[in-house]
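Analysis of the macromolecular model
Given next are the chains, with one letter for each unit.
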Amino acid sequence: MNRPKIIIRKQNSLVRSPRVSMDSPAKSEFKLQISQVKSVQAQFRNKSQVQAHRIIKAKSKQQDSLHHTICSMSGNIKQIQTDRDELECSIMDSVSQQGNTVMVWKSPLRINYTAWFPYPDVCQKQRQLENCVEIPLKSLSYKIHGQVPFKCVMLAFEAAGFSQVDGDKWNVLWGMASKETLQDMDKYQKVNHFPNCWSIGRKDNLWINLSKMKRNFPKEYSFIPNTYLLAYDYKRFQLIREGASKRMLWIKKPVAAARGQGIKLVTKTTKIQNDKNYLIMDYIANPHLINNFKYDLRVYVVITSVDPLRVYMYQDGLVRFATEQYSTCKKDLKKRYIHLTNFAVNKESPNFQINDNVRAQQGSKWSHQQYRVKLQELGVDSELLFSKIEDIIIKTCIAFEPLLSDQNGKSSQHKTNYFELYGFDVLIDQNLKPWVLEVNVSPSLNSSSNLDAQIKTSLISDMMHLVGVQCKRTRIQRISKSFQRNLNDIHTFNNTNIREKVNKEDINVLMTSLEEQMRLGDFKCLYPNRQTIQKYEEFFEYPRFHNKLIQKYYEDGCTWQF
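Residues numbered from 1 in each chain as written. Predicted model: local features only at pLDDT ≥ 70, side-chain atom pairs only at ≥ 80, totals over all residues. Heavy atoms only, no water.

Okay, the overall build of the protein next. For the protein, the count of helices and strands is 14 helices and 21 strands. Within the protein, buried positions represent 46% of all 562 residues. Look at the contacts in the protein between residues 6 or more apart in sequence, and 68% of them connect residues 24 or more apart. If you sum the accessible surface of the protein, you get close to 31000 Å²; carbon and sulfur atoms cover 50% of it. (Helix = DSSP H or I, 4+ residues; strand = E, 2+ residues; numbered from the N terminus. Buried < 20%, exposed > 50% of the residue type's maximum accessible area, 1.4 Å probe, protein only. Contact = heavy atoms within 4.5 Å. Areas by Shrake-Rupley, 256 points an atom, 1.4 Å probe, with all protein chains shown as cover.)

So, in structure tokens, the structure goes:
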């Protein structure tokens, strides 16, 4: 029997019901079920629409609230920024008052901060603020060891915000440190003496090293008077003196003394004992005179590194005059106030005159600046004269380089910790030739006048600014010992391959050399620079990798990118 099909439409879908008879009692029941389904579907649709409407309404309110908030914030954004800036300034002021920030020099080449040394008031000048920034830092400190502190040293440190300490946590040690202290130093600490530096300041060692160079380069190293070490040259000197003219003069000095102690002139008839603690030099009997007084120049030189060699000369210094007019008459040969220019000697003279004006040509001490003015008045080319002085200073430092390098190499892990201030005593003869008489380690920094105080305080401030006292204790990068560098390959270095040819230490050495030349103050870089690094190459006993590296950098026009 064929049964009819009942089709129910639901949401655009066809649902086939089971086939039932139209006359069946189940028909009524089935219709009731269909009605109930439709009712449930209608309720569901109504509920969904209500919920959707509620959701849309809630989102609309959220959008309105957010829009209102944004408009409110945009209206006050300038005030918020101003308040934040004022808060930051207030915080920085508060921190600064507590001594937690310091002014430092920031390198433009890399992340490197060194102590900023402003000039103390006595210097009567201001340091330029180029590359100067303020950073949070707890403290900087210095330690004085083994000597009475000089006022100019303390003024320079105090102006830079350093505090004096007695313990081992210092940034700079001023004085002679023990071997244990040097061995335990951190990389950021600085000491103002190289190991065994005193051997360089001895007059006998000066002659030993310069005479060695004089044998190899007789013309270039003729700026030191012939010297005879009585410990070795006593008989040779006696033979030379016998054959000399009657008017020939020499000068006898202790090999390891200062301040004019034990010095006297020697003639052909003077009795000389064979004393190993003394030497005899040819006396420069024709000195250049100013107002008929003999004088010499105290030239300040700083070496900040031995490998590579870095030499700087201060562009001011002292001119020290004898206090009696010059004479070589026999009756005047024993008069120390005529022939000696040492301040320690002449300050005892009744004719000694204090000069308190750095700009005055008066008294028994002048500044180099006024000396240059006087030379110009006398028709002397001061620039040419000082270029000769610079030449003999470079050659003297190169002569000592093997000794310094040997001593510094024994503590290679600390070779960047040292620097040294030297006092060169230079005599000018009447032919305007400069002569090196002595090289003083730890030259006197006492100030007996305003002239002394101004020059020496400026000197120390500029020197400490130059050497670069580290402010941030950065992690030391270990250099692989297996990294091999060949001195003969340096000629192949260029801007494109430099990073592949050298290690991190080499890059740091080069950058440190460049950074120092940004912090010169009144110093002049004598070596290395573009004009000198190749000119003096032949005088080095041994070629050094870092010297050659810097030379190649200059030869390439300073174009390397790091």
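As a further point, take a negative patch on the surface. Taken together, Asp168, Glu180, Asp184 and Asp186 make up a surface patch of like negative charges. In this structure, Asp168 sits in the loop between β7 (162-164) and β8 (172-175). Since its relative accessible area comes to 59%, Asp168 is described here as exposed. (Patch = residues over 30% accessible without salt bridge, like charges linked within 9 Å, V, L, I, M, F, W, Y side chains within 5 Å. Salt bridge = Lys/Arg side-chain N within 4 Å of Asp/Glu carboxyl O. Lys, Arg positive; Asp, Glu negative; His and termini not counted. Charge placed at Lys NZ, Arg CZ, Asp CG, Glu CD.)

A word on the side chain of Asp429. Relative to the assigned elements, Asp429 resides in the loop between β19 (420-428) and β20 (434-441). An unpaired buried charge is present at Asp429: no salt bridge exists, and Lys433, the closest side chain of opposite charge, is 6.0 Å distant. Not counting the four nearest positions on each side in its chain, Asp429 is found in contact with Ile284, Asn286, Pro287, His288 and Trp435.

Per the stated rule, a full pass over the model turns up 22 salt bridges. Between Arg202 and Asp204 there is a salt bridge, and its shortest N-O distance comes to 2.9 Å. Taking the relative accessible area as the measure of exposure, Arg202 reaches 33% and is therefore partly exposed. With a closest N to O distance of 3.3 Å, Glu505 and Lys415 form a salt bridge. You can see Glu505 sitting in helix α13 (residues 504-516) and its partner Lys415 sitting in the loop between α10 (382-409) and β19, a full 90 residues away along the chain.

Right, let's get into the environment of Thr323. For Thr323, the location among the structural elements is in the loop between β17 (318-321) and α7 (336-339). If sequence neighbours within four positions are ignored, Thr323 has contacts with Phe293, Tyr337, Asn346, Ser349, Asn351, Phe352 and Ser364. Among the polar contacts made by the side chain of Thr323, one reaches the side chain of Asn346 at a distance of 2.8 Å. (Polar contact = N/O pair within 3.5 Å; in protein donor to acceptor, adjacent residues only side chain to side chain.)

Looking now at the sheet that holds strand β12 (residues 264-266). Strand order in the open sheet made by the 4 strands is β10-β13-β11-β12, with antiparallel pairing throughout. Taken across any chain shown, the strands that pair with only one partner, and hence form the sheet edges, are β10 (227-229) and β12. Within the sheet, the average angular offset between the axes of one strand and its neighbour, ignoring direction, is 30 degrees. Two strands pair when backbone bridges link them, and strand β11 (residues 250-254) and strand β13 (residues 278-282) are joined in this way by 5 bridges, in the antiparallel orientation. Bridging from a neighbouring strand, Lys253 pairs with Leu279 of β13. Sitting on the sheet, helix α5 (residues 203-216) touches β10, β11 and β13, and the angle it makes with β10 is about 120 degrees. Helix-sheet contacts for helix α6 (residues 230-242) involve β10, β11, β12 and β13, and the interaxial angle to β10 is about 130 degrees. (Pairing = 2+ DSSP bridges. Axes fitted to C-alpha atoms, helices over the stretch in contact; angles between N-to-C directions.)

Glancing now at the packing of aromatic side chains. For the structure on display, the rule yields 22 aromatic pairs. On the basis of an interplanar angle of 70 degrees and a centroid distance of 5.6 Å, the ring pair of Tyr553 and Trp560 is categorised as edge-to-face. Of the two residues, Tyr553 and Trp560, both sit in the buried class. The aromatic ring of Tyr119 is capped on one face by Lys125, whose charged end is 4.7 Å from the ring centroid. Its guanidinium or amino end placed over the ring of Trp105, Arg519 lies 4.8 Å from that ring's centre, counting from NZ or CZ. (Phe/Tyr/Trp six-rings, centres within 6.5 Å; stacked < 30°, edge-to-face > 60°. Lys NZ or Arg CZ within 6 Å of the ring centre and 35° of its normal.)

As a further point, take the sheet that holds β7. Within the open sheet, the 4 strands sit side by side as β7-β6-β8-β9. Their pairing is parallel. Strands at the two margins of the open sheet, each flanked by one partner only, are β7 and β9 (190-191). As paired elements, β8 and β9 share 2 bridges and run parallel to each other. When the sheet's bridge partners are listed, Val172 is paired in β9 with Lys190. Its contacts with the sheet place helix α2 (residues 151-159) against β6 (140-145), β7 and β8, and it is angled at close to 165 degrees to β6.

For the rest of this paragraph, the subject is the nonpolar core. The biggest cluster of nonpolar side chains holds 86 residues, and the ones touching the most others in it are Tyr371, Ile393 and Phe424. In terms of residue count, the dominant contributor to this core is α10 (11 residues). Leaving out residues up to four positions away in the same chain, Ile393 has contacts with Val299, Val301, Val311, Met313, Phe424 and Leu526. By size, the runner-up hydrophobic cluster in this structure holds 41 residues, among which are Val102, Val153, Ala156 and Ile455. (Core = buried A, V, L, I, M, F, W, Y, C linked by side-chain atoms within 4.5 Å.)

Following the sequence through the fold, Thr341 ends up in the loop between α7 and α8 (343-346). For Thr341, a relative accessible area of 7% gives the class buried. Separated by 3.0 Å, the side chains of Thr341 and Asp296 make a polar contact. Setting aside its immediate chain neighbours within four residues, Thr341 contacts Lys294, Tyr295, Asp296, Arg320, Phe321, Ala322 and Asn346.

With that settled, consider the packing of α2 against helix α11 (residues 450-467). Where α2 meets α11, the closest approach of the two axes is 8 Å, and the angle between their N-to-C directions is 50 degrees. Our classification of the angle between α2 and α11 gives oblique. For the pair α2 and α11, the crossing hand works out as right-handed. On the side of α2, the interface is formed by Cys152, Val153, Leu155, Ala156 and Phe157, while α11 contributes Lys456, Thr457, Ile460, Ser461 and Met464. (Parallel < 35°, antiparallel > 145°, perpendicular 65-115°, else oblique. Left-handed = near helix turned anticlockwise from the far one by under 90°.)

The next point concerns α6. Its maximal kink placed at Arg236, α6 deviates by approximately 35 degrees. Restricting attention to buried positions, one finds in α6 the residues Leu230, Asp233, Phe237, Gln238 and Arg241. Where α6 is buried, its residues touch β10, β11, β12 and β13. (Bend = angle between axes of the 7 residues up to and from the residue.)

On to the layout of surface pockets, then. Of the pockets and cavities examined, the second largest pocket occupies roughly 860 Å³. Along the walls of the second largest pocket sit 37 residues, with Ala258, Arg259, Ser442, Pro443 and Ser444 positioned nearest its centre. Where the lining of the second largest pocket is concerned, the elements lending two or more residues are α4 (198-201), β15 (293-305), β17, α8, β20 and α11. Among the elements that line the lining of the second largest pocket, the one with the most residues is β20, at 4 residues. Here the residues of the lining of the second largest pocket sort into 14 nonpolar, 12 polar and 11 charged. (1 Å grid on protein atoms, 1.4 Å probe; cavity = no way out; pocket = protein on both sides within 12 Å on 5 of 7 lines; lining within 4 Å. Points joined across faces, edges and corners; volume = space filled by probe spheres on them. Nonpolar A, V, L, I, M, F, W, Y, C, P; charged D, E, K, R; others polar.)

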